[in-house]
Amino acid sequence: KYPEAHEARVRKTIQSAFGASAASKRDKTTFRVLEVGVGTDCRLARRGLYTPAIRQLVEPSDQQFTKRLDVVGLDIVTPKDSKVIKQAQQRLREAAHDTATADPVEINFEFVQQSITEPMAFTNGCFDSIICCFTLCSVDDPVKTTESMKSLLRPDGGTLGFVEHVAVKDEEPYLLLDWEQRRFDRAQQLLAHNCHLHRSTDDILATAMGVN
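Residue indices begin from 1 for each chain and proceed along its sequence in written order. Local features in a predicted model are, by the rule used here, given only for residues with pLDDT of at least 70; side-chain atom pairs are given and counted only at 80 or more, and totals for whole chains, interfaces and linings are based on all residues. Only heavy atoms go into the side-chain values, all of them from the structure, while hydrogens and water stay out.

*Asks:* Which residues make up the overall build of the chain, and what are the values?
*Replies:* Going along the chain from the N terminus, every DSSP run of H or I of four or more residues is numbered as a helix, and every run of E of two or more is numbered as a strand. Scanning the chain from terminus to terminus reveals 7 helices and 5 strands. Along the chain direction, N to C, the helices and strands of the chain fall in the order α-β-α-α-β-α-β-β-α-β-α-α. Each radius of gyration reported is based on C-alpha atoms, and the globular scaling rule is 2.2 Å times the count of residues to the power 0.38. What you see for the chain is a C-alpha radius of gyration of 18 Å, in line with the 17 Å of a compact globule of 212 residues. Summarising its shape, the C-alpha atoms of the chain cover approximately 55 × 40 × 35 Å along the three principal directions. Exposure is judged per residue with a 1.4 Å probe applied to protein chains only, and the accessible area is read against the type maximum: over 50% gives exposed, under 20% gives buried, and values in between give partly exposed. Evaluated residue by residue, the chain yields a buried proportion of 45% over its 212 residues. Contacts are residue-level and defined by heavy atoms, with any inter-residue pair within 4.5 Å sufficient. For the chain, contacts bridging at least 24 residues in sequence account for 82% of all contacts bridging at least 6. Here the chain has roughly 11600 Å² of accessible surface; of this, 50% comes from carbon and sulfur atoms. Under the convention used here, Asp and Glu are negative, Lys and Arg are positive, and both His and the chain ends fall outside the count. Positions of charges follow a simple convention, taking NZ of Lys, CZ of Arg, CG of Asp or CD of Glu. Side-chain charges of the chain comprise 27 positive and 30 negative groups, with the mean position of each set lying 4 Å from the other. A 1.4 Å probe and the Shrake-Rupley method give the accessible areas. Residues count as covered only by the protein chains that appear here.

*Asks:* Explain the nonpolar core residue by residue, including any values.
*Replies:* The set of buried Ala, Val, Leu, Ile, Met, Phe, Trp, Tyr and Cys residues whose side-chain atoms join them within 4.5 Å is what this entry labels a nonpolar core. Core analysis: the largest hydrophobic core is formed by 30 residues, its most contacted members being Ile14, Phe18, Tyr50 and Ile54. Put simply, the parts of the chain that give this core at least two residues each are α1 (4–23), β1 (30–36), α2 (43–46), α3 (51–58), β2 (68–75), α4 (82–94), β3 (106–113) and β4 (129–133). Each residue touching Ile14, except ones within four places of it in the same chain, is listed here: Leu44, Leu49, Tyr50, Ala53 and Ile131. Core analysis: the second largest hydrophobic core is formed by 19 residues, Val112, Ile130, Leu136 and Met149 among them.

*Asks:* Kindly report on the side chain of Thr66, identifying the contributing residues and their values.
*Replies:* Here Thr66 shows up in the loop between α3 and β2. Judged by relative accessible area, Thr66 falls into the buried class, the value being 3%.

*Asks:* Give me the layout of surface pockets: which residues, what numbers.
*Replies:* Cavities and pockets were defined on a 1 Å grid built over protein atoms only: a cavity is a set of grid points that admits a 1.4 Å probe from which the probe cannot escape, a pocket is an open set flanked by protein on both sides within 12 Å along at least five of seven lines, and lining residues are those with an atom within 4 Å of any such point. Grid points are joined across faces, edges and corners, and a volume is the space filled by probe spheres set on the points. Reported here for the largest pocket is a volume of approximately 1100 Å³. Of all the secondary-structure elements, those providing two or more residues to the lining of the largest pocket are β1, α2, β2 and α5 (142–152). Think of it as three bins: nonpolar holds Ala, Val, Leu, Ile, Met, Phe, Trp, Tyr, Cys and Pro, charged holds Asp, Glu, Lys and Arg, and polar takes everything else, Gly as well. Considered class by class, the residues forming the lining of the largest pocket number 14 nonpolar, 13 polar and 10 charged.

*Asks:* Just give me the short version of the packing of aromatic side chains, but keep the residues and values in it.
*Replies:* Only rings of Phe, Tyr and Trp enter the pairing, Trp through its six-membered ring, and a pair is recorded when the two centres are within 6.5 Å. The plane angle decides the type: under 30 degrees is stacked, over 60 is edge-to-face, the rest tilted. As enumerated under the stated definition, the model contains 4 aromatic pairs in all. Centroid distance Trp179 to Phe184: 6.1 Å. Interplanar angle 85 degrees. Geometry classified as edge-to-face. Taken together, the aromatic side chains of Phe18, Phe31 and Tyr50 make up a single cluster linked through ring pairs. A positively charged side chain is recorded as over a ring if its NZ (Lys) or CZ (Arg) lies within 6 Å of the ring centre. The angle to the ring normal must also be within 35 degrees. For Arg183, the ring lying beneath its charged end belongs to Phe184, and the centroid distance is 5.8 Å.

*Asks:* Got a sec to walk through the pairing of strand β5 (residues 159–163)? Specific residues and values, please.
*Replies:* On β5, burial follows the alternation: Thr159, Gly161 and Val163 on one face are buried, whereas Leu160 and Phe162 on the facing-out side are not. Looking down the strands as they point away from you, a crossover is right-handed if its path from the first strand over the helix to the second goes clockwise. Viewed along the sheet, the connection from β4 through α5 into β5 turns out right-handed.

*Asks:* Quick one: what's the story with helix α6 (residues 175–191), residue by residue and with numbers?
*Replies:* Helix span, as expected, comes to 1.5 Å for every residue beyond the first. For α6, with 17 residues, the first-to-last C-alpha span of 24 Å sits near the 24 Å given by 1.5 Å per residue. Of all the bends found along α6, the most pronounced is centred on Phe184 and spans about 55 degrees. Those residues of α6 not exposed but buried are Asp178, Gln181, Asp185 and Gln189. Following α6 by one or two positions, His193 has its phi on the positive side, about 55 degrees. In this analysis the local bend is the angle between axes fitted, respectively, to the seven residues ending at and the seven residues starting at the residue.

*Asks:* Any chance you could break down empty space enclosed by the protein for me, citing the residues and the numbers?
*Replies:* Taken as a whole, this structure holds 1 cavity of 30 Å³ or more when the rule is applied. There is about 30 Å³ of room inside the largest cavity. Surrounding the largest cavity, Val10, Thr13, Ile14, Ile131, Cys132, Cys133, Gly161, Phe162 and Val163 form its lining. Broken down by secondary-structure element, the contributors of at least two residues to the lining of the largest cavity are α1, β4 and β5. Partitioning the lining of the largest cavity into residue classes produces 7 nonpolar, 2 polar and no charged.

Structure follows, in C-alpha cells:
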C-alpha cells in the first residue's frame, strides 16, 4: 500500500493532465486516455485515483462537458484475473456519479497486453492524455518508450501526466540518497521487475517531449 501523500500526488497529477488537455480541445464531448503500465491490479483506477479528474471532465463547463471517456490500460503483464478489469471499469464509472451532469456519461476501460514500443492498433495522436506512474523506471528502453508516448499524444495540446522516481543529480545535496541509489540499483533491478533506482527519467522525458 502506498502512503496517502503519494496517492494525493498521483490524483493531482492526473487531474492536472486531464484539465490542461481538455482546456485545449474544441470538442470536449469525447476524451481518450492511455495509461502505460497499469500493472496486474490496475491500481490507479481501482483505488479511485482517477476520480477527481473524471468529475472535472464531466461537470458542465461553458455548456460543454465530456460525454464519453475511453481509458486504455497498457502493460506487458496481464491483470491477476478478469475481476480486476471489471472492478477498474466500475470504479471509473462510479467517478461520474453525483455530479451536476444530467445526461449519462459513457465510460469504457479496455486492457491491452503489449509493450508501447511495439506496433500498436492506435493511430498517432489519438490520445488526449497519457498517464504513467512508476513505470519508466522499469522499461528496457526508456527513450523509445517516451518517444512512443509522444507520438500517441494529440499534437495540439495532448498531455502526459507522470509520477516517477529519478536519479539524484550531481548538483543536488542528497549525498546519502545518491549513494544508496547507486549501491542498490542492481539489486533493485533483480528483485523488483527491472526497476532502476538511478535512472535520469526526468531528463529522458524532457528530451523526448521537447521541453526544458
